[in-house]
Amino acid sequence: MMRRLTQRFVTGLLLAGAIGCGTVQAYTLEEFTFEDPARAAEFRDLIGGLRCLVCQNESLAGSQAGVAQDLRKEVYRMMQEGKSRQDVVDFLVARYGDFVLYEPPLKPSTVILWFGPFLFVGIGGWLLFRTLQRKKAEPEQDLSEAERTRLQQLLARTGDHQD
Amino acid sequence: MKTSATRALIPLGIFLALAALLFYGLQLDPRKVPSPLIDKPAPDFALPSLKDPGQTITQDILKGKISLVNVWASWCPSCRQEHAELMRIARDNDVQVIGFNWKDNRADGLKMLQQFGDPYLVSLYDPDNQAGIDWGVYGAPETFVVDQEGIIRHKRIGPIDRAVWESEILPVIEQLQ
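Analysis parameters
Residues numbered from 1 in each chain as written. Chains lettered and ligands numbered in written order. Predicted model: local features only at pLDDT ≥ 70, side-chain atom pairs only at ≥ 80, totals over all residues. Axes fitted to C-alpha atoms, helices over the stretch in contact; angles between N-to-C directions. Helix = DSSP H or I, 4+ residues; strand = E, 2+ residues; numbered from the N terminus. Left-handed = near helix turned anticlockwise from the far one by under 90°. Contact = placed C-beta atoms within 7 Å. Nonpolar A, V, L, I, M, F, W, Y, C, P; charged D, E, K, R; others polar. Expected span 1.5 Å × (residues − 1). Bend = angle between axes of the 7 residues up to and from the residue. Buried ≥ 20, exposed ≤ 12 C-beta atoms within 10 Å, placed from the backbone. pLDDT = per-residue confidence, 0-100. Domains from an automatic or database assignment. Pairing = 2+ DSSP bridges.

1. Here we look at the packing of helix H3 (residues 66-80) of chain A against helix H4 (residues 85-96) of chain A
Residue and element names in this part refer to chain A. Running from amino to carboxyl end, H3 crosses H4 at an angle of 145°, the nearest separation of the two axes being 10 Å. Relative to H4, H3 is oriented so that their crossing is right-handed. Contacts between H3 and H4 involve Val75, Met78 and Met79 on the former and, on the latter, Asp87, Val88 and Phe91. Taken together, the residues of the contact of H3 with H4 break down into 5 nonpolar, no polar and 1 charged.

2. Examining helix H2 (residues 77-92) of chain B
All names here are of chain B. Spanning 16 residues, H2 covers 24 Å between terminal C-alpha atoms, matching the ideal 22 Å at 1.5 Å per step. At histidine 83, H2 shows its strongest bend, of approximately 40°. When we look at burial in H2, the residues that qualify are Cys79, Glu82, His83, Leu86 and Ile89. In the core, the buried residues of H2 are packed alongside strand S3 (67-72), strand S4 (96-102), helix H3 (106-116) and helix H5 (162-176).

3. Some remarks on the confidence of the model for chain B
For chain B, per-residue confidence averages 93 on the pLDDT scale, and residues scoring 70 or more make up 98% of the total. The ipTM, which scores confidence in the relative placement of chains, is 0.81 for this predicted complex, and the corresponding pTM is 0.75.

4. Thoughts on the domain arrangement of chain A
Under the domain assignment used here, chain A contains domain 1 (23-105) and domain 2 (106-138). In this structure, domain 1 of chain A and domain 2 of chain A have C-alpha centres spaced 38 Å apart.

5. As for unusual backbone geometry
All names here are of chain B. With an omega of -5°, the peptide bond running from alanine 140 to proline 141 counts as cis. Mapped onto the fold, proline 141 is located in the loop between helix H4 (130-134) and strand S6 (142-146). One non-glycine residue, lysine 103, adopts positive backbone phi at about 50°. On the secondary structure map, lysine 103 appears in the loop between S4 and H3. Phi angles above zero are rare outside glycine, and asparagine 129 is one such case at about 60°. Examined against the element boundaries, asparagine 129 turns out to sit in the loop between strand S5 (122-126) and H4.

6. Details of the pairing of S5(B)
If a strand is regular, its side chains alternate between the two faces of the sheet. Residues and elements named next belong to chain B. Most of S5 sits out of view: 4 of its 5 residues are buried. The pairing of S4 with S5 spans 5 bridges and is classified as parallel. Its bridge partner being in S5, phenylalanine 100 is matched across the sheet by leucine 124.

7. Brief notes about the sheet that holds S5(B)
Residues and elements named next belong to chain B. The sheet built from 5 strands is open, its strands ordered S5-S4-S3-S6-S7 with mixed pairing. If you trace the sheet from one side to the other, it starts and ends with S5 and strand S7 (152-157), each paired once. Looking at each pair of strands side by side, their axes are set apart by 20° on average, direction ignored. One ladder, built from 6 bridges, connects S3 with S4; its direction is parallel.

8. Quick word on the packing of helix H2 (residues 37-48) of chain A against H3(A)
All names here are of chain A. Across the interface, H2 lies against H3 with an axial gap of 11 Å and an inter-helix angle of 145°. Pair H2 / H3 crosses with right-handed handedness. Where H2 approaches H3, its residues Arg39, Phe43, Leu46 and Ile47 are matched on the opposing element by Arg72, Val75, Tyr76 and Met79. Of the residues belonging to the contact of H2 with H3, the class tally is 6 nonpolar, no polar and 2 charged.

This is the structure:
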């Protein structure tokens, strides 16, 4: 009994280790303190919208990578100096490129990215509209006299089965 | 009215275009982020030398000669992998190879150079990623080709081997000479 418990405990520890694997050290955002709560919220919001270039599916706020920690510190330092959000973004874009932004800026090379989806919805809508128009334009085919009689017969027969 | 045969080919055409686009996308490596610093002057820096803490090195070292600025660290396996090729490049070519020891500690960095040789004219020592951020460094190894006027002309992300040197870096250098 005791042994099983120990085994479980060790397994648990190993699993916890596996989850924590790959992290150099745990970090929290608590080391970054601001006197003004609005500024703190701005900081969190800002680093949440910046990409960590090492682990590209993580934001600067969420990444454990060393470079992400350095950049968090840099962003914090700039904000403590009273720099605006735009200053920080410009600083990072000048060094790492637009790729640090999760939301790409609108410029000639990204027009397709921003408006492509609307273009496709437009094309789809146009095709749908055209097809419907064509359907409407086609004259409805009336039944011939023979078909009409046959239809009446069939309907009458169906009626017979109703109790 | 189009014939139904041509109409039937439209979905195939759309499919092929999409397949070509996606296939092209597969060839791209999202880890290789283009640097906005290309064709811009190398960022200013003032860093101590790895070997001589008392000596401060600035961007002036990049003037007058074509330089390879190689970001490396002792903790980085790919840096060891490219080390022999850097030794060869420094020996056989008329470029100065500048080391950029990044997020490392002095003792480990020096030990690596002692063990595998030192291809660098000098190594900058940047343990806290001070200048690294200005250079847009986000991993090691990275290598910048800087021209005689101190302007960054190329950035290689990842290790350099003989093939990369010949197909990617040497042509840039030959154009600058």
